[in-house]
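# Coordinate inspection notes
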Amino acid sequence: MTLPLVVTDDPAYQFSAQALACLSSVTAALPNPPGNVCYRVGGEVAHDIDMVRDLCCEGLAYVSLGDTYPSSSSFPEQDIVRQANTICPPPAWAQQLKLGIIRCVPVVMDDTGAMPSCTDWTLAWQQNVVDTIALRQVACCLRVWLVGQVGLLEGMSMVMERQTQGTPLGGCVERSVTISLQQPNCDCG
């Protein structure tokens, strides 16, 4: 597979790279760090399609590129009225990133088909608490990074949105947070 040209000075790239660095650093310090920390593509991250590896039981922490849309004075809201009332390009974009951690949850525990015990569920719950704390720490790491920026991202805003808990699916459960970064429009000359 030939890798596409990546523009490393683009704010979306810089934001994503920093998000992955924060996620890697924070999750490496966990008592049960995810075995996989990497970029993923798409709104729903595939984690249960591997015939050889069990990605969710290994643990998967990811950064995924989300929506991009014009947003300036009303960030993080989309600039719909402003676009309709002017011929000028938008002064800024909003770039969303989804950061998540996928883990396995107890379903059938042994060869006899016995259901998970309260202890099994308590251990899964404790892991879930650790992961929610980790995602909050990653969001804080990104905020600190953005505040320290000079140049292109200086003065831009960041919004940490709601952290969500997915429903168990195929023995896996996902916890994620969406973070929106305002970045200047360098694309419309």
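Notes on the structure follow. Everything numeric in this text was worked out from a predicted model, so none of it was measured.

## Brief notes about the overall build of the protein chain
Helix and strand counts for the protein chain come out as four helices and five strands. In the protein chain, the succession of α and β elements from N to C terminus is α-β-α-β-α-β-α-β-β. With the C-alpha coordinates aligned to their principal axes, the bounding extent of the protein chain is approximately 70 × 35 × 30 Å. Every one of the 189 residues in the protein chain was classed for burial, and the buried ones make up 39%. Here the contacts in the protein chain between residues at least 6 apart in sequence split such that 66% fall between residues at least 24 apart. Accessible area of the protein chain: about 10800 Å², with a carbon and sulfur share of 59%. Distance between charge centres in the protein chain, computed from 9 positive and 18 negative side chains, equals 6 Å.

## Some words on the sheet that holds strand β3 (residues 92–104)
One key point about sheets: their strands pair by backbone hydrogen bonds, in either a parallel or an antiparallel sense. The strand order β1-β2-β3-β5-β4 describes an open sheet built from five strands, whose pairing is mixed. The open sheet has two edge strands, β1 (36–40) and β4 (158–165), and neither has a second partner. Within the sheet, the average angular offset between the axes of one strand and its neighbour, ignoring direction, is 20°. Taken together, the five bridges between β1 and strand β2 (residues 60–70) define a ladder with parallel strand orientation. The partner of N36 across the bridge, within β2, is L60.

## Description of the pattern of salt bridges
When the charged atoms of two side chains with opposite charge come close together, those side chains can pair. Scanning the entire structure with this criterion turns up three salt bridges. Note that R53 and E58 form a salt bridge whose closest N and O atoms lie 2.7 Å from each other. The partner of D131 in a salt bridge is R103, and the shortest N-O contact between them spans 2.9 Å. With a gap of 28 residues between them, D131 in helix α4 (residues 118–147) and R103 in strand β3 connect regions that are remote in the sequence.

Calculation criteria
Residues numbered from 1 in each chain as written. Predicted model: local features only at pLDDT ≥ 70, side-chain atom pairs only at ≥ 80, totals over all residues. Heavy atoms only, no water. Helix = DSSP H or I, 4+ residues; strand = E, 2+ residues; numbered from the N terminus. Buried < 20%, exposed > 50% of the residue type's maximum accessible area, 1.4 Å probe, protein only. Contact = heavy atoms within 4.5 Å. Areas by Shrake-Rupley, 256 points an atom, 1.4 Å probe, with all protein chains shown as cover. Lys, Arg positive; Asp, Glu negative; His and termini not counted. Charge placed at Lys NZ, Arg CZ, Asp CG, Glu CD. Pairing = 2+ DSSP bridges. Axes fitted to C-alpha atoms, helices over the stretch in contact; angles between N-to-C directions. Salt bridge = Lys/Arg side-chain N within 4 Å of Asp/Glu carboxyl O.

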